[in-house]
Amino acid sequence: MTIVVLNRRNLLVAGGSVLATGVLASGVPGLLLPARADGLAPTETMSGGANNYRKGAAIVDRIGKGGFWMSGTVRRAGDGAPLAGQRIQIWAHTVEGQEHEPQSHGATLTDKDGKFRLEMPQIIPIFGQPHGHLAYDSGEFKTVFLRPVMRSPKDTSLEAHFVLQAA
Amino acid sequence: MTRWALARVILIWAALAVAIGVPIAFAAGSEQLAWRGPVYILAGFAGIVALGLVLIQPLLIGGYLPGFSAYRGRRAHHWIGGALVLAVVIHVAGLWITSPPDMIDALTYASPTPFSPFGVTAMWAIFLVALLASLRRRLGLRPRTWRFLHMPLALVIVVGSVAHCLLIEGTMETISKAALCALVLAATAKAMIDLQVWRKRRALRGEGTARQ
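The rules behind each value
Residues numbered from 1 in each chain as written. Chains lettered and ligands numbered in written order. Predicted model: local features only at pLDDT ≥ 70, side-chain atom pairs only at ≥ 80, totals over all residues. Helix = DSSP H or I, 4+ residues; strand = E, 2+ residues; numbered from the N terminus. Buried ≥ 20, exposed ≤ 12 C-beta atoms within 10 Å, placed from the backbone. Contact = placed C-beta atoms within 7 Å. Core = buried A, V, L, I, M, F, W, Y, C linked by C-beta atoms within 7 Å. Axes fitted to C-alpha atoms, helices over the stretch in contact; angles between N-to-C directions. Parallel < 35°, antiparallel > 145°, perpendicular 65-115°, else oblique. Left-handed = near helix turned anticlockwise from the far one by under 90°. Pairing = 2+ DSSP bridges. Nonpolar A, V, L, I, M, F, W, Y, C, P; charged D, E, K, R; others polar.

(A) Structural view of the overall build of chain A. Summing up its helical and strand segments, chain A has 1 helix and 7 strands in all. In sequence order, chain A lays out its α and β elements as α-β-β-β-β-β-β-β. For chain A, buried positions account for 35% of its 167 residues. Taking contacts inside chain A between residues at least 6 apart in sequence as the whole, the part at least 24 apart equals 70%.

(B) The nonpolar core, seen in detail. Residue and element names in this part refer to chain B. Judged by nonpolar contacts, the single largest core of 34 residues is most densely connected at Leu51, Val54, Leu55, Ile126 and Val184. Secondary structure elements with two or more residues in this core: helix H1 (3-28), helix H2 (38-61), helix H3 (70-98), helix H5 (116-139), helix H6 (143-167) and helix H7 (174-194). If you tally residues by element for this core, the top one is H2, at 10 residues. The contacts of valine 184, once residues within four sequence positions are left out, are Leu51, Val54, Leu55, Val158 and Val162.

(C) Looking closely at the packing of H5 of chain B against H6 of chain B. Residue and element names in this part refer to chain B. Two elements in contact, H5 and H6, have axes separated by 8 Å at closest approach and are oriented at 150°. If you check the angle between H5 and H6, you find them roughly antiparallel. As H5 packs across H6, the resulting crossing turns out to be left-handed. Contacts from Phe118, Gly119, Thr121, Ala122, Ala125, Ile126, Leu128, Val129, Leu132 and Arg136 in H5 reach Trp146, Leu149, His150, Leu153, Val156, Ile157, Gly160, Ser161, Ala163 and His164 in H6.

(D) Molecular detail of the sheet that holds strand E3 (residues 105-109) of chain A. All names here are of chain A. Read across the open sheet, the 4 strands follow the order E3-E2-E5-E6; overall the sheet is antiparallel. Sheet topology places E3 and strand E6 (144-146) at the edges, where each strand pairs with a single neighbour. The average undirected angle you get between the axes of adjacent strands in this sheet is 20°. Alignment of strand E5 (residues 132-136) against E6, held across 3 bridges, turns out to be antiparallel. By the bridge assignment, leucine 134 is partnered in E6 with leucine 146.

(E) Quick peek at unusual backbone geometry. With phi around 55°, phenylalanine 127 of chain A is a residue other than glycine that occupies positive phi space. Tracing the chain through its elements places phenylalanine 127 of chain A in the loop between strand E4 (115-120) and E5. Taking the number of C-beta atoms within 10 Å as the measure of exposure, phenylalanine 127 of chain A has 26 and is therefore buried. Even without glycine at this site, tyrosine 109 of chain B takes up a positive phi of about 60°.

(F) Summary view of the packing of H1 of chain B against H7 of chain B. All names here are of chain B. Where H1 meets H7, the closest approach of the two axes is 9 Å, and the angle between their N-to-C directions is 150°. Taken as axis vectors, H1 and H7 run roughly antiparallel relative to one another. In this structure, H1 crosses over H7, and the sense of that crossing is left-handed. Facing H1, whose interface residues are Ala19, Val22, Pro23 and Phe26, H7 presents Ser176, Lys177, Leu180 and Leu183. Split into classes, the residues belonging to the contact of H1 with H7 amount to 6 nonpolar, 1 polar and 1 charged.

Structure (structure tokens):
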């Protein structure tokens, strides 16, 4: 059985996307072609994603004392092949520091399946939303900044997925 | 003053104190404060206080607060308006210091958070009303012109502030926050209906004479 979680954010997102697809699809058919009709479209940088970014955070086993898991995947645009050994930088406002502070930043590498997973301190709401920041900024592919939002401030994990295109 | 009248005065002021004090007290007990710096905490509470002031404004101008006659109510409305500007300035300045890029996104309407445009729009409406109010005499604005300018802006302030506040996940407790927002909307609606602000003055007078 599928459990449908109805909360404010889901409703807003669902309502917004219904509105957007409805308006766009009916108003401008043909304008909404996927970036690559033959494959996986690249992930766009999210608005606000680069806020409080610090260049070159060190690769770490864990940020601070941990307790919260940030995970995701990195794939190549077009064929969707998993990308191994890619450096993903992660930061957030946590119980151990504010977003801009160095101890709130760290990086990790994807495994052979293109997956990454980094333990970090519990993320707490900042600026009205409990959210994290992730960056792919190594240069081989185009830089992408993500800003995923947690469904609840009590969540102890968060996911973000990258589809990268050649720089 | 009869005993009943005195009880009524006490009840009204107590209800107002509860409506504004309880949400502030809940926010003051929020566990999230432990992870925030003093400037961020100050900015957050300035926002809550601002919402409380938005509740007081229609109550004053509608003459619902005992001890504030029409004249005194209007004078107080002006002062509270100034306090509202100050609270909003502290709110925005504090958030700017806490995280400049997030505040710049909000002010430029480029923020990913859905509540930001509501708050920023309400802020500009507050500033505009304050500016117009301070220039009202110099510009020679007649009451009718003033109403025509102030009422739409007042609606923008009220609706914008309430939407802004409700969508934020912060230190405020959900139920006390929703109750305060509902009171703000109700007080605004009542004052606007009672004062017949959307009716043309001339029509009002014509109706008044017709009834005599």
